[in-house]
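# Descriptive analysis of the structure
Chain by chain, the residues:
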Amino acid sequence: MISGTPGFVGVRLKQAREAMGLTVTSLGQALGVTKQAVSRWEGGLDSPRPELFDRLCGILCQPAYFFMQPINSSLFRGTRFYRSLASTTSAARQKADARNFWARETANYVLRYVEFPRVNFPVWKIADPSALTMRDVEVWATETRKFWGLGDAPIANLLRVAENNGALVVRDYLDAETLDALSEWLEPEGIPFIVLNADKESAVRSRLDLAHELGHLILHRKVSQEELNKKALFKQIEKQAFRFGGALLLPERAFLADLYSLSLDALRALKSKWKVAIAAMIYRLADLGVLTEDQEKRFWINYVRRGWRLREPLDDQLPFEMPSLLPQAFQIMVDQGHDRDQIPGSIGHGKSQIEQIANLPENFLGPLPSVQAKIIPFRKLG
């Protein structure tokens, strides 16, 4: 017989624990209970007594109502593309998965009241991604630029391009250096969804992460999670996404026309214009066959010698591209009369969690008012 806290949803405990990076054992130790007890709570076989439940809420930084929120079974989990999957720890993926699901629950709630921009992603019949050549990937990146009307010029704000074409992008702290970003198609909504790691300290590297995830969403939509777990295919589609990202940000003809010499100083001069890391430009030149193997090797030797491996010139000056879709949607809801104090309870998540996931100002859902500039046009529902 279940005892303890009526209405307790064990899956929510598992989500909250993994989002905090805690193991069953470490959470049990913090509460003074066995790991078996925690496992029983997560499995729905039992629930914590009231005094333990209060401590649980404090340790996991969640309000009591979060643990009473049922999981919406209509929200399907699509194929999730992780950067650097092989080197990403299981704990980091679990944390990202939990917060990823919270983000989509938040978006699902907002979609009841605000209509996002129409999804306008190219749909090509790529039946077998493993058969794609790198030349094919170059072509698809070029066609994507044409599809979105970008021409050959540098992309001023790639995140804005993605959002204006219906992508939902969030920037969240994943606490894992090897987990740069992740993406998936949200179903049944049919929305391309991208999470960028806010731990990144370089705007241009984060921009390449975004271009990489756009490659996955466009090229690999038909890849199943089971196929992705195959090491050889994973490695291949990662290479394709990297190539797509480089080609999207640095179109061959325009980029090479700007390059006045094959030198690090020339690449440094182009960084602020194209908003692409010098390292990414070296890879791009190698991909295009502009650099021989010996030339590429000398580039990397000089790159490391200049101390650019961890931080390049301009990394502390170029601003990050920040998501605006969810923040604007929340502002519209408040403008429509939604009580910002009651929104967290309606979504079923804590105020600070929602603010962080949705890139809202601190205390936006609290007593302090906030004004958010409206950039992307929305249309009210109903």
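Small disclaimer: the values here were computed from a predicted structure and weren't measured.

What follows covers empty space enclosed by the protein. Counting across every chain of the model gives 1 cavity of 30 Å³ or more. In this structure, the largest cavity occupies an estimated 40 Å³ of space. Of the residues forming the lining of the largest cavity, the biggest block, 4 residues, is contributed by helix 8 (residues 203-219). Its residues placed into classes, the lining of the largest cavity shows 5 nonpolar, 1 polar and 3 charged.

The contact between helix 1 (residues 10-19) and helix 5 (residues 90-110) brings their axes to 7 Å, and the two run at 120°. Regarding the angle of helix 1 to helix 5, the classification is oblique. Here the hand of the crossing between helix 1 and helix 5 comes out left-handed. Residues R12, Q15, A16, E18 and A19 of helix 1 lie in contact with helix 5, whose contacting residues are Q94, K95, A98, R99, F101, W102 and E105. The residue inventory of the contact of helix 1 with helix 5, partitioned by class, reads 5 nonpolar, 2 polar and 5 charged.

Bringing the packing of helix 2 (residues 24-31) against helix 4 (residues 50-60) into the picture now. Taken N-terminus to C-terminus, the directions of helix 2 and helix 4 make an angle of 125°; their axes are 10 Å apart at the nearest point. When the axis of helix 2 is compared with that of helix 4, the two are oblique. As helix 2 runs across helix 4, the sense of the crossing is right-handed. Mapping the contact onto sequence places L27, A30 and L31 in helix 2 and L52, R55, L56, I59 and L60 in helix 4. A per-class count over the contact of helix 2 with helix 4 returns 7 nonpolar, no polar and 1 charged.

Attention now moves to the sheet that holds strand 3 (residues 168-172). Pairing in this open sheet of 4 strands is mixed, and the strands run 1-4-5-3 from one edge to the other. Since the sheet does not close on itself, it has two edges, and those belong to strand 1 (81-82) and strand 3, each with one partner. Alignment of strand 4 (residues 181-186) against strand 5 (residues 191-197), held across 6 bridges, turns out to be antiparallel. Directly across from L182, in strand 5, lies its bridge partner V195. Against the sheet, helix 5 engages strand 1, strand 3, strand 4 and strand 5, with an angle of about 45° to strand 4. Contacting strand 1, strand 3, strand 4 and strand 5, helix 8 runs over the sheet at an angle of about 150° to strand 5.

Right, let's talk about the confidence of the model for the protein for a bit. Confidence along the protein averages 89 in pLDDT terms, with 91% of residues attaining 70 or more. Low pLDDT (under 50) marks residues 368-382, which in the prediction has 40 contacts with non-local residues, meaning those over four places away or in another chain.

Moving on to unusual backbone geometry. For the bond running from E187 to P188, omega is 10°, close enough to zero to count as cis. With respect to the secondary-structure elements, P188 resides in the loop between strand 4 and strand 5. Although it is not a glycine, K275 sits at a positive phi angle of roughly 55°. Structurally, K275 can be placed in the loop between helix 12 (264-274) and helix 13 (278-287). The backbone of N363 shows a phi angle near 70°, a positive value even though the residue is not glycine. Tracing the backbone shows N363 in the loop between helix 17 (351-357) and strand 6 (379-380).

Evaluated as defined, the whole model comprises 22 salt bridges. A salt bridge links R253 to D152, with the nearest nitrogen and oxygen atoms 3.2 Å apart. Of the two residues, R253 sits in helix 11 (residues 252-258) while D152 sits in the loop between helix 6 (134-147) and helix 7 (158-164), which places them 101 residues apart along the sequence.

Tallied over the entire structure, the rule returns 13 aromatic pairs. Each ring, one from F121 and one from W148, has its centre 5.2 Å from the other, and the planes form 75°; the classification is edge-to-face. Of the two residues, F121 is situated in the loop between strand 2 (114-115) and helix 6 and W148 in the loop between helix 6 and helix 7; the sequence distance between them amounts to 27 residues. A ring pair is formed by W300 and Y303, whose centres lie 5.3 Å apart and whose planes are at 80°; its orientation type is edge-to-face. Here the residue W300 and the residue Y303 both occupy positions in helix 14 (residues 293-305), the gap between them amounting to 3 residues, near one helical turn. Judged by relative accessible area, which is 21%, W300 ranks as partly exposed. Taken together, F8, F53, F66, F67 and W102 form an aromatic cluster joined through their ring pairs. In this structure, R221 packs its charged tip against the face of W185, placed 3.5 Å from the ring centre.

Thresholds, definitions, all that
- Residues numbered from 1 in each chain as written.
- Predicted model: local features only at pLDDT ≥ 70, side-chain atom pairs only at ≥ 80, totals over all residues.
- Heavy atoms only, no water.
- 1 Å grid on protein atoms, 1.4 Å probe; cavity = no way out; pocket = protein on both sides within 12 Å on 5 of 7 lines; lining within 4 Å.
- Points joined across faces, edges and corners; volume = space filled by probe spheres on them.
- Helix = DSSP H or I, 4+ residues; strand = E, 2+ residues; numbered from the N terminus.
- Nonpolar A, V, L, I, M, F, W, Y, C, P; charged D, E, K, R; others polar.
- Axes fitted to C-alpha atoms, helices over the stretch in contact; angles between N-to-C directions.
- Parallel < 35°, antiparallel > 145°, perpendicular 65-115°, else oblique.
- Left-handed = near helix turned anticlockwise from the far one by under 90°.
- Contact = heavy atoms within 4.5 Å.
- Pairing = 2+ DSSP bridges.
- pLDDT = per-residue confidence, 0-100.
- Salt bridge = Lys/Arg side-chain N within 4 Å of Asp/Glu carboxyl O.
- Phe/Tyr/Trp six-rings, centres within 6.5 Å; stacked < 30°, edge-to-face > 60°.
- Buried < 20%, exposed > 50% of the residue type's maximum accessible area, 1.4 Å probe, protein only.
- Lys NZ or Arg CZ within 6 Å of the ring centre and 35° of its normal.

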